[in-house]
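Breakdown of the fold
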Amino acid sequence: REKTARPKAALPRGLRDGAGEEVRATRRMLERIAAVYESYGFEPLETPAFENTEVLGKFLPDQDRPNEGVFSLRDDDERWLSLRYDLTAPLARYVAENYDSLAKPFRRYQSGPVWRNEKPGPGRYREFMQMDADTVGTANPAADAEMCMLAADSMEALGIERGDYVIRVSSRKVLDGLREVVSAEAPISDPQWLTIMRAMDKIDRLGETGVRALLGEGRKDESGDYTKGAGLDGGAIETIMSVFEPVSEVAEKIAQLDSRLRDSEIGQAGLKELAEIQQLASSAGYGDGAVVIDPSVVRGLEYYTGPVFEAELTFETRDDKGRPVRFGSVGGGGRYDDLV
């Protein structure tokens, strides 16, 4: 007699279940963050899980399936749809679609699951929750400073005391200035620059040696997978890595960069932005280490055009086996003037 095959009860790779107190704790966290966002005047928005794939900017014309980083399917009218991989692209679509009817600046917050069709790893899932706040329609650096203060207030609303977190701020324009400096010797293409930024963004995970390898010929990880590098020479690598050089004072770091970027107009504009953000944050009471200028902050997404920031937990805790664990970055963002 034939046996009926039964499906194995198993989660797809890179996904996880939540139950009981974990779900309640997540709900409480989101409610506390939402209360902070609303206190700053941000309004809630909800968008669908699916967007048209071309809106997400991930379509690959040379493949049958546009699945680079996103989960996609084709609907009945042969249009490609993709699960959202963040909440920013849906916001850009919503603003572009409703631009004339929205009061500016338009300030919204949103929470919800997002999906990444990527290789899962420890603490890296294919589905996870995001909580975003965005301002659309102002070029004023005060909006960037406000985002950093909002991030700080969100940390404290969750019970993380001042001194146990830091909001680190840089500017993409500073990095663009470094690109100009390096390109004076040998021009850097856009794809090459994207590889460089992604390599720099991995400094916390891979350390200086790993980033240097990715700026050069490439790197093989623990699983044996090889990642091709940016192909920079030794001098260019040293210039790029200079943003990671430790210094005791922010003023010293800014002065160091000012000398490197003296011939770069965009680099100087970035330094001016950072000085203004620091002044605003200090005046509002966040200059005691809550909001700190740190030019080594990169943020890997290519659409950022100005100030970028990361929220980092600085205290140490221990895992189930008693080993020390440092959380590092738990959030971030930046200005993206060209996306909408």
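Presented here is an overview of the structure given in this document. (Residues numbered from 1 in each chain as written. Predicted model: local features only at pLDDT ≥ 70, side-chain atom pairs only at ≥ 80, totals over all residues. Heavy atoms only, no water.)

This next bit is on the pattern of salt bridges. Applying the stated criterion to the full structure yields 24 salt bridges. Salt-bridge contacts for Arg107 lead to Glu146; the nearest nitrogen and oxygen are separated by 3.0 Å. With Arg107 in strand E5 (residues 106–115) and Glu146 in helix H4 (residues 141–157), this pair connects stretches of sequence that are 39 residues apart. Note that Arg335 is salt-bridged to Asp144, the shortest N-O span being 3.0 Å. (Salt bridge = Lys/Arg side-chain N within 4 Å of Asp/Glu carboxyl O. Helix = DSSP H or I, 4+ residues; strand = E, 2+ residues; numbered from the N terminus.)

The complete set of buried residues in helix H8 (residues 234–241) reads Ala236, Ile237, Thr239, Ile240 and Met241. Buried residues belonging to H8 abut helix H5 (172–183), helix H6 (190–200), helix H7 (203–215) and helix H9 (250–260). Measuring from the side-chain oxygen of the N-cap residue of H8 to the backbone nitrogen of Gly235 gives 3.3 Å; that N-cap residue is Asp233. (Buried < 20%, exposed > 50% of the residue type's maximum accessible area, 1.4 Å probe, protein only. Contact = heavy atoms within 4.5 Å. Polar contact = N/O pair within 3.5 Å; in protein donor to acceptor, adjacent residues only side chain to side chain.)

Across the sheet, which stays open at both edges, the four strands sit in the order E10-E7-E11-E12 with mixed pairing between neighbours. Whereas interior strands pair on both sides, the edge strands pair on one side only; in this sheet they are strand E10 (291–293) and strand E12 (324–334). The average undirected angle you get between the axes of adjacent strands in this sheet is 25°. (Pairing = 2+ DSSP bridges. Axes fitted to C-alpha atoms, helices over the stretch in contact; angles between N-to-C directions.)

A few words now on the pairing of E5. In terms of residue burial, E5 counts as a mostly covered element, since eight of its 10 residues are buried. Inspection of the sheet shows strand E1 (residues 43–44) paired to E5 by two bridges, in the parallel sense. Paired with Glu43 across the two strands is Arg108, which belongs to E5. Of the strand pairs in this sheet, E5 and strand E6 (residues 127–136) are connected by 10 bridges, and their pairing is antiparallel. By the bridge assignment for E6, Tyr109 is matched with Ala133.

In this section: the layout of surface pockets. Taken as a whole, the second largest pocket spans an internal volume of roughly 430 Å³. Lining the second largest pocket are 13 residues; nearest its centre among them are Arg16, Glu22, Thr26, Phe128 and Met129. Going through the elements one at a time, helix H1 (21–39) and E6 are the ones with two or more residues in the lining of the second largest pocket. The biggest single contributor to the lining of the second largest pocket is H1, with five residues. Of the residues belonging to the lining of the second largest pocket, the class tally is six nonpolar, two polar and five charged. (1 Å grid on protein atoms, 1.4 Å probe; cavity = no way out; pocket = protein on both sides within 12 Å on 5 of 7 lines; lining within 4 Å. Points joined across faces, edges and corners; volume = space filled by probe spheres on them. Nonpolar A, V, L, I, M, F, W, Y, C, P; charged D, E, K, R; others polar.)

The next point concerns the nonpolar core. Nonpolar side chains in soluble globular proteins tend to end up buried together. Ranked by internal contacts, the top residues of the largest apolar core, which has 59 residues, are Ile167, Ile196, Leu215 and Leu232. Here the element with the most residues in this core is H4; it accounts for eight residues. Beyond its immediate sequence surroundings of up to four residues, Ile167 is in contact with Cys148, Ala151, Ala152, Ala290, Val291, Val292, Phe309, Glu310 and Ala311. Of all hydrophobic cores here, the second largest spans 11 residues; its members include Leu91, Val95, Leu102 and Tyr336. (Core = buried A, V, L, I, M, F, W, Y, C linked by side-chain atoms within 4.5 Å.)

So yeah, pure geometry; function would need other evidence.
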